[in-house]
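So you can see what is in the structure, the chains are spelled out below.
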Amino acid sequence: MSLDIRYPIGWMFSLFGVILAAFGLFGDQRIYARSLGININFEAGVGLLVFGILMLALAWRGSVKAKAAAKPEAKA
Amino acid sequence: MNLTAIDWVIMFLYFVFVLGIGVFLKRFMKTSTDFFLAGRSLPAWVCGIAFMAANLGAVEVIGMGASGAKYGIATSHFYWIGAIPAMVFIGLFMMPFYYGSRARSVPEFLRLRFDEKTRALNAISFAVMTIFSSGISMYAMAKLIQVLHILDVPLAKMGLPASWSFHVSIFISALIVLGYVFLGGLTSAIYNEVLQFFLIVAGFLPLVFLGLKNVGGWSGLKTQLPSAFTHSWQGMTNANNNPLGVEWFGLVMGLGFTLSFGYWCTNFLVVQRAMAAGSMLDARRTPLIAAVPKMFFPALVILPGMIALALPTPQQAVTVNGVVQMQAAPNAGKGLIPLKIDVATGKPAVDREGKPVLDYDLAIPNMLLHYFPTGILGLGLTALLASFMSGMAGNVTAFNTVWTYDIYQSHIYKGASDKHYLHMGQFATIFGVLFSIGAAYTAARFNNLMDFLQLVFAFVNAPLFATFLLGMFWKRATGHGAFTGLLCGTTAAALHHGLSLPHGDLVGIKGGWITVVHNYPSEMAQNFWTAIWAFVVCFVVTIGISLITKPRDEKELVGLVYSLTEKPSEEHLSWYQRPAYLGGVVLVMALVLNIIFR
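Quick caveat, the model's predicted, so the values are computed rather than measured. Sequence positions are assigned chain by chain, starting from 1 and proceeding in written order. Chain letters start at A and ligand numbers start at 1, both assigned in the order the entries are written. Predicted model: local features are reported for residues with pLDDT of at least 70 only, side-chain atom pairs are reported and counted for 80 or more only, and whole-chain, interface and lining totals are derived from all residues.

Asker: What's the story with the overall build of chain B in this structure? I'm lost.
Answerer: Only DSSP runs of H or I reaching four residues or more are called helices, and only runs of E reaching two or more are called strands; each is numbered from the N terminus. In terms of helices and strands, chain B carries 25 helices and six strands. Using C-alpha atoms as the atom set, the radius of gyration is obtained and then compared with a globule rule of 2.2 Å times the number of residues to the power 0.38. Scaling as 2.2 N^0.38, a compact globule of 598 residues should have a C-alpha radius of gyration of about 25 Å, and chain B matches this with 24 Å. Each principal axis of the C-alpha atoms in chain B carries an extent, and together these give about 90 × 55 × 50 Å.

What follows is the structure, given as structure tokens:
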């Protein structure tokens, strides 16, 4: 298909991850009383970032493979 | 509700991505197949996630959390019994006909297999149903935004009254859904379902993690809830001994067979996702892939509801005779679930025995508010909004396809160019959304009318699976048989409802409107048995009428009926790629889950 959905997923979750992790690191720490003292923004942010990067990596690998598969056809 | 800038930024970014995908896809929408069937080119995992997520509208998420709080883990039956077997069945046995016949919609399959009148009956009832479902989704979202006061602060900043919250929510969500479906058609809708799926996981996984940690894990939860709440099969031998109020036979035959197969195997909303796959093999794998996340979703949507019930009820300090005492906060119900407030009187609502009713629908939202600080709260709410909107979008894409192919092209304007139907689809998206808005406001004004309509839809849907089952696996079934069978099945459902009443309900919308000959222990039991009756009547009548009407030429039925169709070859595939093995693995996994949480 024209657009590999893994790119938008990857970018969106990486972006969310960076925002949440940064907010967790530098923001007010008192707000974590409600989340049982766990800095949930930082932890979830890191998780989202890892997931986002994984999706981007898969999408990138997919496009490399697709190009490799398309080349022999182009020659023929 | 204390949302800060970071929450709004996350929500805003999500909207940017959603519309951005639509804008990007616009240039690829050249034919009606691109628009209605995503060009039949999507990979299986994308279709699989969409297949599952199209059903995962927020009405479902909120509702499953509510049922988790109301019935406990027995709610999982809606997944393990009420979805997985049907998903395996459609993947292994029905997809070869849906995909192989090149039908562009489920009603069109009925046209190919039976005749025009059967198609028209299905297409029209389905089109009306999607509009109302989409409207109900929109209404539920606007209502939730209002109850949680999400928009109050931004509205106040713009100098608008908080009462506008409902209208603004409806208007904005309709505009966004319209935008991305109009631009990118089914591809847009499917891509957003995939985004929404991951968002729900991202938002609910931390919620379950915090909730479980708080109550001391699964074992801690078990000690704080009644035993029937943490054992899904306990007391199932007798309807009066379990929270659902259903016995195992009604559960397995009603939910597990007729209702679930009727939904997952015949509802175009989900089947359309598999039809978008790039190949027959991918189309068959779509529901099987979908079944894997589906069976683990109770952990994300039902568990929070159960935790909400197990948590301590909010307390407040009150001075009684000079002594400070702790007592339940006003309107606190049980755990995090508040009392239901009657909209008309502003006082807690009571049931017929005068006991206050809990507002279970607030279980999930209250869990989010309880545990999530600003930041991840924005993510959690975005996930909820996303699932509301994809619930709408799913219905709108199914509507525009059925409208264009099965109603417009076959009954209003035949033989136009493909471009014409593409434009019709885009146009149908616009009026589909407008009708949905109308339905949302109807739901807001006439609550009873909506209950009534949903009841009628239930009657119409109940017999459907019998028609498809006979159509695909019995070559003798005829169009007259199918049509009559459907009508009789729907009538049987209505009659059964009119003759039975759940325990403790009043005669009327809940049943018994003809006369009460049978009492069911619960509404759920009545629903399941209505479906069973409809199925049996449709099945028997279809066979009877088919036998006395003229059969179709077998040559015309190749590719539409099991015995006349070549089986898809799987020889060249390694075992883990074969649908049959995948289906087997999925069933075993579901069985294991049932045994663990029995």
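Asker: How should the overall build of chain A be read in this particular structure?
Answerer: Within chain A, the regular secondary structure consists of two helices and zero strands. Per-residue burial over chain A gives 32% buried out of 76 residues. Residues are defined as contacting one another if the C-beta atoms placed from their backbone atoms lie within 7 Å. Taking the contacts inside chain A whose residues are at least 6 apart along the sequence as the reference set, 76% of them involve residues at least 24 apart. Around each residue's C-beta, the other C-beta atoms within 10 Å are counted; 20 or more make the residue buried, 12 or fewer make it exposed, and counts in between make it partly exposed. All C-beta atoms are placed from the backbone.

Asker: I would appreciate a short explanation of the nonpolar core in the present structure.
Answerer: Inside soluble globular proteins, nonpolar side chains tend to come together where they are buried. Residues and elements named next belong to chain B. Any set of buried Ala, Val, Leu, Ile, Met, Phe, Trp, Tyr and Cys residues joined through C-beta atoms within 7 Å is what this text calls a nonpolar core. The biggest cluster of nonpolar side chains holds 219 residues, and the ones touching the most others in it are V177 and V194. Ranked by residues supplied to this core, first place goes to helix α10 (residues 165–215) with 24 residues. Those residues in contact with V177 that sit more than four places away from it in its chain are M389, M392, A393, V396 and V433.

Asker: Explain the interface of chain B and chain A here, please?
Answerer: Where the parts come together, the accessible area they lose is often given as the size of the interface. At the interface, 30 residues of chain B touch 24 residues of chain A. At the level of elements, α1 (5–26), α10, α18 (363–371) and α19 (376–412) of chain B are the ones that each hand at least two residues to the side of chain B that touches chain A. The dominant element in the side of chain B that touches chain A, judged by the number of residues it contributes, is α10(B), at nine residues. The class makeup of the residues in the side of chain B that touches chain A is 23 nonpolar, six polar and one charged. Nonpolar residues are Ala, Val, Leu, Ile, Met, Phe, Trp, Tyr, Cys and Pro. Charged residues are Asp, Glu, Lys and Arg, and all others, Gly as well, are polar.

Asker: For this particular structure, what's the right way to read unusual backbone geometry?
Answerer: Glycine aside, residues mostly have negative phi, and peptide bonds are mostly found in the trans state. Residue and element names in this part refer to chain B. Despite not being glycine, A38 shows a phi value in the positive range, around 55°. Tracing the sequence through the fold places A38 in the loop between α2 (32–37) and α3 (44–53). A positive phi angle, near 55°, is found at H149, a position not held by glycine. With respect to the secondary-structure elements, H149 resides in the loop between α8 (116–147) and α9 (152–157).

Asker: Looking at this structure, how should I read the packing of helix α13 (residues 248–266) of chain B against helix α24 (residues 523–548) of chain B?
Answerer: What describes two packed helices is the angle between their axes and the distance between those same axes. All names here are of chain B. What counts as an axis is a line fitted to C-alpha atoms, over the stretch in contact for a helix, and the angles between N-to-C directions run from 0 to 180 degrees. The geometry of α13 relative to α24 is characterised by a closest axis approach of 8 Å and an angle of 60° between their N-to-C directions. When the axis of α13 is compared with that of α24, the two are oblique. By crossing handedness, the relation of α13 to α24 is classed as left-handed. Here α13 contributes G250, L251, M253, G254, L255, T258 and L259 to the contact with α24, which in turn contributes A525, F528, W529, A531, I532 and F535. Here the residues of the contact of α13 with α24 are counted per class, giving ten nonpolar, three polar and no charged. Comment on the angle field: the value is read as roughly parallel under 35 degrees, roughly antiparallel over 145, roughly perpendicular from 65 to 115, and oblique elsewhere. For any pair of crossing helices, the crossing counts as left-handed if the nearer helix is rotated counterclockwise from the farther one by less than a right angle, and right-handed if it is rotated clockwise.

Asker: Got a minute to help me understand helix α4 (residues 58–71) of chain B in this structure?
Answerer: Every α-helical turn comprises 3.6 residues, leaving residues that sit three or four positions apart pointing alike. Residues and elements named next belong to chain B. With 14 residues, α4 should reach 20 Å at 1.5 Å per residue; the first-to-last C-alpha distance of 19 Å fits that figure. Counting buried residues in α4 gives ten out of 14 residues, a clear majority hidden from the surface. Every buried residue belonging to α4 is among A58, V61, I62, M64, G65, A66, S67, G68, A69 and Y71, and all of these are buried. One or two steps after α4, the chain reaches G72, where phi turns positive at roughly 80°. The span one expects for a helix is its residue count, reduced by one, times 1.5 Å.

Asker: Help me understand α19(B) in this model?
Answerer: Residues and elements named next belong to chain B. Given a rise of 1.5 Å per residue, 37 residues ought to cover 54 Å, and the 50 Å separating the end C-alpha atoms of α19 matches this to within 8%. At W403, α19 shows its strongest bend, of approximately 35°. Among the 37 residues in α19, 32 count as buried, and that is most of the element. The angle separating two fitted axes, one through the seven residues that finish at a residue and one through the seven that start at it, defines the bend at that residue.

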